[in-house]
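# Descriptive analysis of the structure
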Amino acid sequence: RLPDHGASQNATLSQQSASKDTGVLGRQVLYRVGADRWVNARVVQELPGGLCRVEYDADGARRIDTLQTSSEHLRPSVAESLAGKGFSVRQLLQFCAAKLGEGKLSRRTTTKDVVRDIVIPETAEHQPCYMESAFMQSCGGPQRANKL
């Protein structure tokens, strides 16, 4: 049995990392263990009262902390966060057809051109992710990757 280092000061699991259908159990997260130190952690147990336990390695030892289920001390891992911002082949084809029709794509268009001329202008004011743009929302919005 691993030691429990007790409830961390006001640490909780962010709303972004809480799953709507399966809870937080098994989620990979980033856990703040110091003022500016983050480590990879995994939610290993859900507890009554809005608490969970996270397991992580720190200073060469495996540790477990008990936390509330919403906090600035936990964040979804980068991979977990990006996995929910994918798109389907259908959405890609809809994007290409629409942007070809607008004259923003051609056979010579590079990825750099798409980012500079389409993605950045369409996300500059309101959202950090193109999948949250009005156009992509009209095509079904962000999709969770089911194949890598």
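Remember, predicted model here, so these are calculated numbers, not experimental data.

Further remarks concern the overall build of the protein. The helix and strand inventory of the protein stands at four helices and six strands. Listed by position from the N terminus, the elements making up the protein come as β-β-β-β-β-β-α-α-α-α. Relative to all contacts within the protein whose residues are 6 or more apart in sequence, the contacts with residues 24 or more apart total 49%. Of the accessible surface of the protein, which amounts to about 9800 Å², a share of 51% is contributed by carbon and sulfur atoms.

The next point concerns the layout of surface pockets. Empty space within the second largest pocket amounts to approximately 260 Å³. Lining the second largest pocket, in full, are Lys85, Phe87, Gln91, Leu92, Phe95, Thr111, Val114, Val115, Val119, Tyr130, Met131 and Met136. For the lining of the second largest pocket, the elements supplying multiple residues, two or more each, are helix H2 (89-101) and helix H3 (111-123). Sort the elements by how many residues they give to the lining of the second largest pocket and H3 lands first, with four residues. Residues belonging to the lining of the second largest pocket are distributed by class as follows: nine nonpolar, two polar and one charged.

With that settled, the discussion passes to the packing of aromatic side chains. Counting across every chain of the model gives two aromatic pairs. For the ring pair Phe95 and Tyr130, a centre distance of 5.9 Å and an interplane angle of 85° mean the geometry is edge-to-face. With Phe95 in helix H2 and Tyr130 in the loop between H3 and helix H4 (134-138), this residue pair connects regions lying 35 residues apart in the sequence. Relative accessible area serves as the criterion here: at 12%, Tyr130 is assigned to the buried category.

The subject of this paragraph is the nonpolar core. One finds Val24, Val29, Tyr31, Val39, Ala41, Val43, Cys52, Val54, Tyr56, Ala58 and Leu67 forming the largest nonpolar core, which totals eleven residues. Counting residues per element, the ones that place at least two in this core are strand E2 (28-32), strand E3 (38-47) and strand E4 (51-58). By residue number, the principal contributor to this core is E4, which donates four residues. Core analysis: the second largest hydrophobic core is formed by ten residues, Leu105, Ile118, Met131 and Cys139 among them.

Another aspect to go through is unusual backbone geometry. Glycine aside, residues mostly have negative phi, and peptide bonds are mostly found in the trans state. At Asp59, a residue that is not glycine, the phi angle is positive and equals roughly 55°. As for its position among the elements, Asp59 is in the loop between E4 and strand E5 (61-68).

Time to look at the pattern of salt bridges. One pass over the structure, following the stated rule, counts ten salt bridges. Between Arg62 and Asp57 there is a salt bridge, and its shortest N-O distance comes to 3.5 Å. The exposure class assigned to Arg62 is partly exposed, which follows from its relative accessible area of 37%. Put simply, Arg116 and Asp117 hold a salt bridge, and the shortest N to O gap is 2.9 Å.

What counts, and at which threshold
- Residues numbered from 1 in each chain as written.
- Predicted model: local features only at pLDDT ≥ 70, side-chain atom pairs only at ≥ 80, totals over all residues.
- Heavy atoms only, no water.
- Helix = DSSP H or I, 4+ residues; strand = E, 2+ residues; numbered from the N terminus.
- Contact = heavy atoms within 4.5 Å.
- Areas by Shrake-Rupley, 256 points an atom, 1.4 Å probe, with all protein chains shown as cover.
- 1 Å grid on protein atoms, 1.4 Å probe; cavity = no way out; pocket = protein on both sides within 12 Å on 5 of 7 lines; lining within 4 Å.
- Points joined across faces, edges and corners; volume = space filled by probe spheres on them.
- Nonpolar A, V, L, I, M, F, W, Y, C, P; charged D, E, K, R; others polar.
- Phe/Tyr/Trp six-rings, centres within 6.5 Å; stacked < 30°, edge-to-face > 60°.
- Buried < 20%, exposed > 50% of the residue type's maximum accessible area, 1.4 Å probe, protein only.
- Core = buried A, V, L, I, M, F, W, Y, C linked by side-chain atoms within 4.5 Å.
- Salt bridge = Lys/Arg side-chain N within 4 Å of Asp/Glu carboxyl O.

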